[in-house]
Amino acid sequence: MIELEVRNVVKHFGGLQALKGVSFRINGPERIGLIGPNGAGKTTLTNIISGVIKPTSGTVYFNGERIDPLKPYEIARRGLGRTFQITRAFRRMTVMENMLVPALALHPTANRRALEKKATEILEFLTIDHLAREFARNLSGGQQKLLELGRLLMLDPKLIILDEPFAGVHPKLRQTIWDFIVHVNENLERAFIIISHDMDTIFTLSKRLLVLNYGELIADGDPEAVRKDPRVIEAYLGEEEEEVAA
Ligand SMILES: Nc1ncnc2c1ncn2[C@@H]1O[C@H](COP(=O)(O)OP(=O)(O)OP(=O)(O)O)[C@@H](O)[C@H]1O
Ligand SMILES: [Mg+2]
């Protein structure tokens, strides 16, 4: 079961209303893009769903249970995983250690050999298995993003939220990230929310798009309908050309 329900979530930072009552549902292994101009509230929404920050008001339910009062690790344990806009690998650990540590922290009784086998398979899929003994700090930015995806999958999340997984990544590794998302979504039947400013990528990759603008969800639908939505066009017209094309 994968069911997320975000109900009327509001977030204030001082006088700033970062989210103004956002509501939507996810049912099953959907592949959702979350877009919107800079400062629209995408990362804030992600932080609330994953428990990093608390909403000012509103609620979040995951598989029928209210999760917004829970701590991030409690939410992770229930099958909700996310990456950060800025990667957070343990730089002084090897790639393999990076894969094992979060999994062991979350499931202390797990079988280490089984975890290593699983980690190796994931690293192979991500094309960084040859780097298993390398320190994470020696990886390129793109490879660190791949490692972060791998670490996330070790936790067996049912719903995966990726904050700008393609940003600043070499085109060859972008394809690997794309393939990873499609594979995990279609073959392992995990749901995704993917935040991206790369319009070509996100419109093609997503089956459903959510559009945030100034803390409001202004569109929710299939990419073709969203592309033609006057409110979405309006929201992006205010942005610089390069932002829309980026
Ligand atoms: N901890 C915070 N304290 C104060 N203001 C914040 C905080 N976090 C975010 N904001 C503000 O809330 C608004 C939404 O920010 P958020 O980071 O969610 O936007 P975003 O859609 O992720 O933007 P980007 O595309 O640039 O990553 C912005 O105006 C931002 O400056
Ligand atoms: Mg952001």
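Scroll up a little and you will see the structure.
Treat the numbers as computed from the prediction; the structure is a model and nothing was measured. (Residues numbered from 1 in each chain as written. Chains lettered and ligands numbered in written order. Predicted model: local features only at pLDDT ≥ 70, side-chain atom pairs only at ≥ 80, totals over all residues. Heavy atoms only, no water.)

Draft legend 1. Region of the structure containing the overall build of the protein. Scanning the protein from terminus to terminus reveals 10 helices and 10 strands. The C-alpha atoms of the protein give a radius of gyration of 18 Å, which matches the 18 Å a tight globule of 246 residues would have. Each of the three principal axes of the protein carries a C-alpha extent, and together these read 50 × 40 × 35 Å. Looking at the protein as a whole, 52% of its 246 residues qualify as buried. The contacts of the protein with a sequence gap of at least 6 include a subset with a gap of at least 24, amounting to 67%. Put simply, the protein shows about 11,900 Å² of open surface, and 51% of that area lies on carbon and sulfur atoms. Of the side chains in the protein, 32 bear a positive and 32 a negative charge, and the two mean positions are spaced by 8 Å. (Helix = DSSP H or I, 4+ residues; strand = E, 2+ residues; numbered from the N terminus. Rg over C-alpha atoms; globule rule 2.2 N^0.38 Å. Buried < 20%, exposed > 50% of the residue type's maximum accessible area, 1.4 Å probe, protein only. Contact = heavy atoms within 4.5 Å. Areas by Shrake-Rupley, 256 points an atom, 1.4 Å probe, with all protein chains shown as cover. Lys, Arg positive; Asp, Glu negative; His and termini not counted. Charge placed at Lys NZ, Arg CZ, Asp CG, Glu CD.)

Draft legend 2. Molecular detail of the site of ligand 1. The full set close to ligand 1 counts 13 residues, and Asn38, Gly39, Lys42, Thr44 and His197 are the nearest of them. In this structure, an oxygen atom belonging to ligand 1 sits 2.8 Å away from a main-chain N or O atom of glycine 39. Between an oxygen atom of ligand 1 and a side-chain N or O atom of threonine 43, the distance comes to 2.8 Å. Protein chains shield 61% of the accessible area of ligand 1, which is 630 Å² for the free molecule. At the level of secondary structure, the elements contributing two or more residues to the shell around ligand 1 comprise β2 (16–27) and α1 (42–49). (Near = heavy atom within 4 Å. Polar contact = N/O pair within 3.5 Å; in protein donor to acceptor, adjacent residues only side chain to side chain.)

Draft legend 3. Looking closely at the packing of helix α3 (residues 95–106) against helix α4 (residues 112–125). Closest axis-to-axis distance for the α3/α4 pair is 10 Å, and the angle between their directions is 125°. Classified by the interaxial angle, the pair formed by α3 and α4 is oblique. Considering how the two elements wind past one another, α3 and α4 form a crossing that is right-handed. Facing Val95, Met96, Met99, Leu100, Ala103 and Leu104 of α3, the residues of α4 in contact are Arg112, Leu115, Glu116, Ala119, Thr120, Ile122 and Leu123. Its residues assigned to classes, the contact of α3 with α4 comprises 10 nonpolar, one polar and two charged. (Axes fitted to C-alpha atoms, helices over the stretch in contact; angles between N-to-C directions. Parallel < 35°, antiparallel > 145°, perpendicular 65-115°, else oblique. Left-handed = near helix turned anticlockwise from the far one by under 90°. Nonpolar A, V, L, I, M, F, W, Y, C, P; charged D, E, K, R; others polar.)

Draft legend 4. Local environment of the sheet that holds strand β6 (residues 80–82). Pairing in this open sheet of six strands is mixed, and the strands run β6-β7-β8-β3-β9-β10 from one edge to the other. On the outer flanks of this sheet lie β6 and β10 (216–221), each paired with one strand and no other. Pairs of neighbouring strands in the sheet enclose a mean axial angle of 15°, with direction left out of account. Pairing between β6 and strand β7 (residues 159–163): three bridges, direction parallel. Its bridge partner lying in β7, glycine 81 is registered against isoleucine 160. Running at roughly 160° to β7, helix α5 (residues 141–154) makes contact with β6 and β7 of the sheet. Most of the contacts of helix α9 (residues 230–237) go to β10, to which it runs at about 130°, and overall it touches β3 (31–35), β9 (208–213) and β10. (Pairing = 2+ DSSP bridges.)

Draft legend 5. The arrangement of the packing of aromatic side chains in detail. If you walk through the whole model with that rule in mind, you get one aromatic pair. Across the ring face of phenylalanine 203, the terminal group of arginine 227 is positioned such that the distance to the ring centre comes to 4.4 Å. (Phe/Tyr/Trp six-rings, centres within 6.5 Å; stacked < 30°, edge-to-face > 60°. Lys NZ or Arg CZ within 6 Å of the ring centre and 35° of its normal.)

Draft legend 6. Quick look at α9. Buried within α9 are the following residues: Val232, Ala235 and Tyr236. All buried residues of α9 lie within an arc of 90° about the axis, which places them on one face of the element. Away from its buried face by more than 90 degrees, α9 exposes Pro230, Glu234 and Leu237. Here α9 starts with a cap whose side-chain oxygen sits 2.8 Å from the backbone nitrogen of arginine 231, and that cap is aspartate 229. (Arc of directions from axis to C-beta.)

Draft legend 7. The arrangement of unusual backbone geometry in detail. We note that asparagine 63 has phi near 50°; this positive angle belongs to a residue other than glycine. Note on placement: asparagine 63 falls in the loop between β4 (57–62) and β5 (65–66). Judged by its relative accessible area of 24%, asparagine 63 falls in the partly exposed class.

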